[in-house]
Amino acid sequence: SRREYVIIRRAFLEEVSICAQLDASVETDHVWQMEERSLGSELQIVFRHGRLPRPMRVLYPRDLSHLAQDWERDECFLVAAEGAEITGFIDVRVQPWDKVAWVHHLVVGRRFRRRGIASRLVQTAAEWGRRQGLRQLMIESSTKNYPGLCLCQHLGCVFCGFNDQAYSTQDIAVFFAYPLGS
C-alpha cells in the first residue's frame, strides 16, 4: 500500500510554497444544510445531511498565501511527504490561555486523497498537542466540505458549534473538538 510510504514530519521553510500550491478544493455531491427554528423561548439549530442534484466544486475558504508567516510562528506545521513530494499539510495554532490548538489549515492535494493522509496529519498534530499539555484540538469545516465533515466524524470528533459569518464566501463553518486526554 502506498500509504506506508507517506511520512508525517515538520515542514521545512522551502516546502511552504509547495503547500500553498496544492489543490485544496473539494468536489462533493452532499452538504450539511442548517435550519434555524424559534419556538417560544427555545431556539433550535439543526444540521441536516443533504444530497445535491449534481456534484459541486468547493473552493478552499482560506488564503494560502501567508503560510510562511504561519510556519515562522514555530508551533505545529507538519507536512505529509511521499519521497520528495509534498502530499499535504496541517497548520495548527495554539491558544495557550485555554490549552486548545486550532487547525488553521488542513490540506491534502487533490490527487493524494482517500489514502488516510488527512487522518494521519490530524493524529500526528494531536500527538504534538498532547506533548505540549493541550487539552483539545479544534477542527473547523465548511458545511459544503462534506469530505471534511466525514473526516471529523471518522476521527471521533465531537460537534461543538458553528459560525455563519466565518468565511467571506458566506459558507457556514462548523466546529469539532478532538479531545487530547490527559
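Predicted, not measured: the structure shown is a model, and the values here were computed from it.

**A short note on the overall build of the protein chain**
Turning to step 1, where the next piece is worked out: Helix and strand content of the protein chain: 4 helices and 9 strands.
Turning to step 2, where the next piece is worked out: Scanning the protein chain from its N terminus toward the C terminus, one meets helices and strands in the order β-α-β-β-α-β-β-β-α-β-α-β-β.
Turning to step 3, where the next piece is worked out: For 182 residues, the compact-globule estimate of 2.2 N^0.38 gives 16 Å, and the C-alpha radius of gyration of the protein chain, at 17 Å, lies within 12% of that figure.
Turning to step 4, where the next piece is worked out: Its C-alpha atoms give the protein chain principal-axis dimensions of about 55 × 40 × 30 Å.
Turning to step 5, where the next piece is worked out: Burial statistics for the protein chain: of 182 residues in total, 43% are counted as buried.
Turning to step 6, where the next piece is worked out: Within the protein chain, residue pairs in contact and separated by at least 24 positions form 64% of the contacts whose partners lie at least 6 positions apart.
Turning to step 7, where the next piece is worked out: Approximately 10300 Å² of the protein chain is accessible, and the part contributed by carbon and sulfur atoms is 50%.

**Details of a nonpolar patch on the surface**
Turning to step 1, where the next piece is worked out: Taken together, the side chains of Leu43, Ile45, Phe159 and Phe162 present a nonpolar region at the surface, about 330 Å² in accessible area.
Turning to step 2, where the next piece is worked out: Contributions of two or more residues to the nonpolar patch are made by β3 (42–58) and β8 (158–163).
Turning to step 3, where the next piece is worked out: Inspection of the secondary structure assignment puts Phe159 in strand β8.
Turning to step 4, where the next piece is worked out: We classify Phe159 as partly exposed; its relative accessible area is 37%.

**What about the environment of Leu180?**
Turning to step 1, where the next piece is worked out: Examined against the element boundaries, Leu180 turns out to sit in the segment after β9 (173–179).
Turning to step 2, where the next piece is worked out: Among the residues examined, Leu180 registers a relative accessible area of 5% and is labelled buried.
Turning to step 3, where the next piece is worked out: Residues Leu180 and Arg10, spaced 170 residues apart in sequence, show a C-alpha to C-alpha distance of 20 Å.

Here is what the cut-offs are and how they apply
- Residues numbered from 1 in each chain as written.
- Predicted model: local features only at pLDDT ≥ 70, side-chain atom pairs only at ≥ 80, totals over all residues.
- Heavy atoms only, no water.
- Helix = DSSP H or I, 4+ residues; strand = E, 2+ residues; numbered from the N terminus.
- Rg over C-alpha atoms; globule rule 2.2 N^0.38 Å.
- Buried < 20%, exposed > 50% of the residue type's maximum accessible area, 1.4 Å probe, protein only.
- Contact = heavy atoms within 4.5 Å.
- Areas by Shrake-Rupley, 256 points an atom, 1.4 Å probe, with all protein chains shown as cover.
- Patch = residues over 30% accessible without salt bridge, like charges linked within 9 Å, V, L, I, M, F, W, Y side chains within 5 Å.
- Salt bridge = Lys/Arg side-chain N within 4 Å of Asp/Glu carboxyl O.

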